[in-house]
Amino acid sequence: MSVALSALEISRALTRISHEILEANPSSDLITILGIPTRGAHLAVRIAASMSQIAAREIPVGMLDITMHRDDLRMHPPRPLMPTSIPSSGIQGRDIVLVDDVLFSGRTIRAALDALGEIGRPRTVQLAALVDRGHRELPIRADFVGKNLPTSTTQSVKVHLTEIDGIDQVVIEDN
Amino acid sequence: MRHLLSISDLSKAEAVSILDTATELARVSDGAVKKLPTLRGRTIVNLFAEDSTRTRISFEAAAKRLSADVINFSAKGSSVSKGESLKDTALTLQAMGADAVVIRHGASGAPQRLADSEWMLASVINAGDGTHEHPSQALLDAFTIRKHCAKGAPDLAGIRVAIVGDVLHSRVARSNILLLNLLGASVSLVAPPTLLPVGIEKWPVDISYDFDAVIPSVDVVMMLRVQQERMSNLFFPNAREYSRYFGLNSDRLKLMSPHSIVMHPGPMNRGLEIAAEVADSARSVIVEQVSNGVSVRMAILYVLLAGQSLEAGEK
Amino acid sequence: MTVKGYLIKNAQMPDGGIKDLLITDGRIHSLAVGINDATATIIDAKGCVVLPGLVDLHTHLRQPGREDAETVLSGSRSGAKGGFTAISAMPNTSPVADNAGVVEQVFRLGQQSGLLDVFPIGAVTQGLEGAALSEIGAMADSIAQVRVFSDDGNCVFDPLVMRRALEYIKKFNGVIAQHAQEPSLTVGSQMNEGEVSAVLGLKGWPAVAEEAIIARDILLVDHVKSRLHICHVTTAGGVEIIRWAKARGINVTAEVTPHHLLLTDELARSYDPVFKVNPPLRTQKDVMALREALADGTIDIVATDHAPHTMESKECEWQEASFGMLGLETALSIVQKTMVDSKLMDWAQVADRLSTAPARIGGYSDQGRNLEIGAKANVMIINPSASWTVDKDLVVSKSRNTPFHGYELPGVVTHTFFNGMATLIDGALINSGGSE
C-alpha cells in the first residue's frame, strides 16, 4: 500500500479543479455540479463550495445515483440504491459537471450519462475526477483531473474522505 | 434471496432494504423518469390463476418501469383454469425462459410448490396464495406506515397497528402480522372469534373482540375485506351485525387518535367493513397504498432479479 | 419348487430366546435349540428376530379401478417385502366392494398372486354413501367370508346407519371398522387444525371431529353389544376416550398407523402433498400419546393404511392432492424406530400388535398364530441391527408416495414365508405364483 495523494494534495487538487471548471464555463450561472455516490457526491459538495466562494455565487450541487443503469448488475449481488437529488434548477439546458472519485473503465460514467438522459437534456456534460487511473474500456475522458495515477489492473485505488472514512487520502493497493 | 414466498423468508435488514430501495424508486417515479433500463432483456411472467386486476396491474407497471418484458398468463383463457397441472404450467414457463414468475393462486402454498420443485428455475414471487400470504401487500403497507408514522426511523418500532376483520381467511393479515412484528410494530387483532384461526394464541399479537376499546390507542387501523360468502358459513349472523361491531364508521373514526391513519388492501366493501365517508376521509391512505404498491414491487423485482448473475440465470 | 423346507438357525424368538425353527410341508414343524435337517434350506438368522408373519388390517389396493396406482398383485408384493403374510383390502375401489361380486374378485386376485392372504373388507353402505346398508350378509357368505366392514375414506356418519350396521354384523361375529371423521366439521379440511394450519392458511381438521365420532360409536356399540374397531386413531383425546371405554369393558379395538407414530403436522410447512393424509398428521403431543397407548394396549394394533397414489395425484398444489401415503414396506421399521428402539415395547409386543391381535380382530384363523408348532408357517425375519435408507424410486409398490423418502430407518426385513413358501429371501422378492 502506498499513499498516492495526501490530504493537502487532495485539497489542492479540488481547488484547482474548481478554478478550471469556472474558467472552462464563462457563463457560470448555468453550471450544475452532480456527484456520483458515494464518494463522488462528497467531492461534488466540496467542489461546489469552493466554486461558490471563488465565483461569489451559489453553484447548485446534487447527486446522481447510477445503480439502475449499470451494465454489470448481474455480476454482483444486488446493490442498495443511493439517493438521487437534483437541484431545483434541474438539468435541462444546463452545463452539468459530473464528479467521481476515480475514473477507471469509464462504465460508471456511461451509466451516469444514461441516467442523466432519463431526467432531461443538458446543454453540455463535463466530467471531473479526483484520480484518473487509466485502463479505459469506453471512449470516455475526463475534462478535469486531480491527478493522473498510472496503475496496473492488478492494483486497486482507494479514495478515503473524511466525511466517510475519517481521513483524506488516496492509496494504491496491490491485490 | 431468490424467491419471495413468505415474509418469514426476510430478515429485518432485508425488509428494511426493500423499503429503502422503494423509497428511492418512488422518488424516481415522482420525477420525469418513468422507465429504468435495469431489467432490460429479463422476462417476467404474471401467472394469475385467480382474478386480481389490481395486483396484476401493479406488478406489470413495476416490471415495465424496470424495462422487463412482461407476459401475462391469466386464469381466464389460460390452461390453469382448464385443468392443466401446476407442473405442466411450470414446465411451459421454463421453456419460455421466464426469469421470474409472479404468481397469484387460490391454493395456499402453490408458490412454494413452484419454487421448491425442479420444474423451473425462475424466481418465484408470491402475489397472494389462498389464505396463506401476500408478502408484497405487507411490504407496501409497511412502506405506507413508515412514511406516515415512523418519523424518519428505518423500522416501525413502537408503532401500534390494529388489524380488523376476517383474519382467518386473510393472506394480507398473515403477511402483515409477520412483517409488522419483524419491523418492531405491535399488532392488535380485532375480529369476531369465528374469524380468528385456532392456534392464534401462539402469534405475537394482542387479540380483542372490542373494536371501540382498541381504536383510541393505535396509530394505524387496517381494515380487512369481508367476503360475502362468509355469512352463509355461519361466521357471523348478517352484514348489519358485522358492520355494527367490526365496521369502521364515522363514529369510530372520531375515536381515533389525532395522527392515526386508516388503511385497506382493497377492494373495499363500502358500507360493510368500512363506511364511504371513512374511506374518503383525510385519514384514509387507501389510494396512496395503491401508488406505493408500484414502487415497492419495483424494489422487490430489483432485489430479486437485478443482482442475479447471468451464469446462475442460465444454468 | 423342490425345496423340502426351511431351517432358520439361531434366531431370536419374540420372547427373546435363541432357537432354530423348521418349516416343512407349509407348517411350522418344530421350534427348538439345535435342530438339524439335511434336506432343508438353511437360513442363518444370527442376530435376527423371527416374528409371526405380519397382518395388516387396513390396506388400499386400488383394484378394481385404479390399477395405475396399485393392483392386488403389486400391493401383495409390497406387503411381502415388508414382512406381511396377510393384508386387508379396503372397499373404496371403483366399483366399490359393496357386494359379493367385487369382494370375490379381490379375494381371487389375492389367491392368484399367492404371495400372502388378501382379505377383502366389505363396504358398510352402498357406494360408501352412508345411507343404505350394502349386502353385508352376501359378502359374509361369499368365498371371501368377509368379517370386517368399513366405509374407510368416509365416516359412517348417520348414527342410525351405524347402529343398524353394528347390530346386523352380530349374526356372524363381524366387526365395523369406523373411519372416525365428523363430516360437517371437516368440509374442505386439509391438515390438523392448530398452530401450523393457522400459519399455513390451510383449512383445519379439528381433533374433535375424530374424537366426537369415536365417543359416539363407543356408546353405540356398548348399547347394542356388538364389535367396533376404530381405524387410524390420531389424537391424544381419542386415546383417552378409548382408554375409558376399555376400562368399562366396552368391546372396542383400535389401530394406529406407522406414520402417525412418527410424523407431525410440522411437515406440512413444506406444502409437499406427500405429507397429506386422512386423518391428518397431528402434533408431537399426539404422537407421544399414541406410542404410549400402543405400548399399554389401549391401541390394539398397528395398521398401515397403505394408500398408493399416482404421481399426478401428488405432484400438485396441496389442496388439489389426494390424501394418503404408502406404508407396507416401511411399517415394521417405523415400529422398531418408534416403539422398540425407544424401549416402549419388546418384540413379543410387536408380534402381538402387528400379527396376533390384527388376525384376531379380523378373524383370520391361519394368521397371527405366533409361531405355534403345527400352525401354517406364516413367518418373517427382521435384522434389527441393520438399517436402510428409504428411496421412493426403489419401492415395490406401483406408487411412489412414501413420506419417508430419504429417511434412514432401523430394521431390515430379510425373509417372509407365506404358508411355508418363501416370498422374500435375503430382502429379495421371490417371483412365484403371481400373474397380472
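Below you will find a few notes about this structure.

**Here's the deal with the overall build of chain A**
Logical step 1: Along its length, chain A carries four helices and eight strands.
Logical step 2: Counting helices and strands in the order they occur from the N terminus, chain A gives β-α-β-α-β-β-α-β-β-β-α-β.
Logical step 3: The C-alpha atoms of chain A give a radius of gyration of 16 Å, which matches the 16 Å a tight globule of 175 residues would have.
Logical step 4: Across its three principal directions, the C-alpha atoms of chain A cover 45 × 40 × 30 Å.

**So, the arrangement of the chains**
Logical step 1: A comparison of contact numbers over the two pairs of chains in contact places chains B and C at the top.
Logical step 2: If you take every C-alpha in chain A and every C-alpha in chain C, the smallest gap between them is 27 Å, and the two do not touch.

**A word on the packing of aromatic side chains**
Logical step 1: Counted according to the given criterion, the structure contains seven aromatic pairs over all chains.
Logical step 2: Aromatic pair Phe-236 of chain B and Tyr-242 of chain B: ring centres 4.8 Å apart, planes at 40°, arrangement tilted. This pair shows no difference in class: Phe-236 of chain B is buried, exactly as Tyr-242 of chain B is.
Logical step 3: With centroids separated by 5.9 Å and ring planes inclined at 55°, the aromatic side chains of Phe-149 of chain C and Phe-172 of chain C adopt a geometry described as tilted. On the criterion of sequence distance, the pair formed by Phe-149 of chain C in strand E9 (residues 148–149) and Phe-172 of chain C in the loop between helix H4 (159–168) and strand E10 (175–178) is long-range, its members being 23 residues apart.
Logical step 4: The class of Phe-172 of chain C is buried, set by a relative accessible area of 15%.
Logical step 5: An aromatic cluster is present here, built from Phe-236, Tyr-242 and Phe-246 of chain B joined pairwise through their rings.
Logical step 6: One Lys or Arg, Arg-133 of chain A, reaches over the ring of Phe-104 of chain A and ends 3.9 Å from the middle of that ring.
Logical step 7: Over the aromatic face of Phe-59 of chain B sits the side chain of Arg-297 of chain B, whose NZ or CZ is 4.9 Å from the ring centroid.

**Description of the side chain of Glu-182 of chain C**
All names here are of chain C.
Logical step 1: With respect to the helices, strands and loops of the structure, Glu-182 is situated in the loop between E10 and strand E11 (191–192).
Logical step 2: No salt bridge is formed by the buried Glu-182. Its closest oppositely charged neighbour is Arg-216, at 7.1 Å.
Logical step 3: The residues contacting Glu-182, other than those within four sequence positions of it, are Phe-157, Ala-209 and Ile-213.

**Considering the environment of Arg-56 of chain B**
Residue and element names in this part refer to chain B.
Logical step 1: Along the chain, the position of Arg-56 falls in helix H2 (residues 53–65).
Logical step 2: For the pair Arg-56 and Leu-179, spaced 123 residues apart in sequence, the C-alpha to C-alpha distance is 22 Å.
Logical step 3: If we skip the residues at most four places from it in the chain, Arg-56 touches Asn-46, Phe-48 and Asn-72.

**Comments concerning the interface of chain C and chain B**
The extent of an interface is frequently quoted as the accessible surface area lost upon association of the parts.
Logical step 1: Taken together, the contact between chain C and chain B spans 18 residues of the former and 20 residues of the latter.
Logical step 2: Taken together, both faces of the contact between chain C and chain B bury some 1,500 Å²; the carbon and sulfur share is 50%.
Logical step 3: Counting across the chain C and chain B interface gives three salt bridges.
Logical step 4: One salt bridge in this structure joins Asp-272 of chain C and Arg-113 of chain B, with 3.7 Å as the shortest N-O distance.
Logical step 5: Taken together, the residues of the side of chain C that touches chain B sort by class into seven nonpolar, four polar and seven charged.

**Structural notes on the side chain of Gln-178 of chain C**
All names here are of chain C.
Logical step 1: Looking at where Gln-178 falls in the secondary structure, it is placed in strand E10.
Logical step 2: Note on Gln-178: relative accessible area 0%, which makes it buried.
Logical step 3: If sequence neighbours within four positions are ignored, Gln-178 has contacts with Cys-155, Val-156, Met-162, Ile-213, Arg-216, Asp-217, Leu-228, His-229, Ile-230 and Cys-231.

**With respect to the packing of helix H10 (residues 331–340) of chain C against helix H11 (residues 347–362) of chain C**
Residues and elements named next belong to chain C.
Logical step 1: Two elements in contact, H10 and H11, have axes separated by 11 Å at closest approach and are oriented at 135°. Regarding the angle of H10 to H11, the classification is oblique. Classified by chirality, the crossing of H11 by H10 is right-handed. Across from Leu-332, Val-335, Gln-336 and Val-340 in H10, the residues of H11 making contact are Trp-347, Val-350 and Leu-354.
Logical step 2: Of the residues assigned to the contact of H10 with H11, the class counts are six nonpolar, one polar and no charged.

About the cut-offs
- Residues numbered from 1 in each chain as written.
- Chains lettered and ligands numbered in written order.
- Predicted model: local features only at pLDDT ≥ 70, side-chain atom pairs only at ≥ 80, totals over all residues.
- Heavy atoms only, no water.
- Helix = DSSP H or I, 4+ residues; strand = E, 2+ residues; numbered from the N terminus.
- Rg over C-alpha atoms; globule rule 2.2 N^0.38 Å.
- Contact = heavy atoms within 4.5 Å.
- Phe/Tyr/Trp six-rings, centres within 6.5 Å; stacked < 30°, edge-to-face > 60°.
- Buried < 20%, exposed > 50% of the residue type's maximum accessible area, 1.4 Å probe, protein only.
- Lys NZ or Arg CZ within 6 Å of the ring centre and 35° of its normal.
- Lys, Arg positive; Asp, Glu negative; His and termini not counted.
- Salt bridge = Lys/Arg side-chain N within 4 Å of Asp/Glu carboxyl O.
- Buried area = accessible area lost by both parts, 1.4 Å probe.
- Nonpolar A, V, L, I, M, F, W, Y, C, P; charged D, E, K, R; others polar.
- Axes fitted to C-alpha atoms, helices over the stretch in contact; angles between N-to-C directions.
- Parallel < 35°, antiparallel > 145°, perpendicular 65-115°, else oblique.
- Left-handed = near helix turned anticlockwise from the far one by under 90°.

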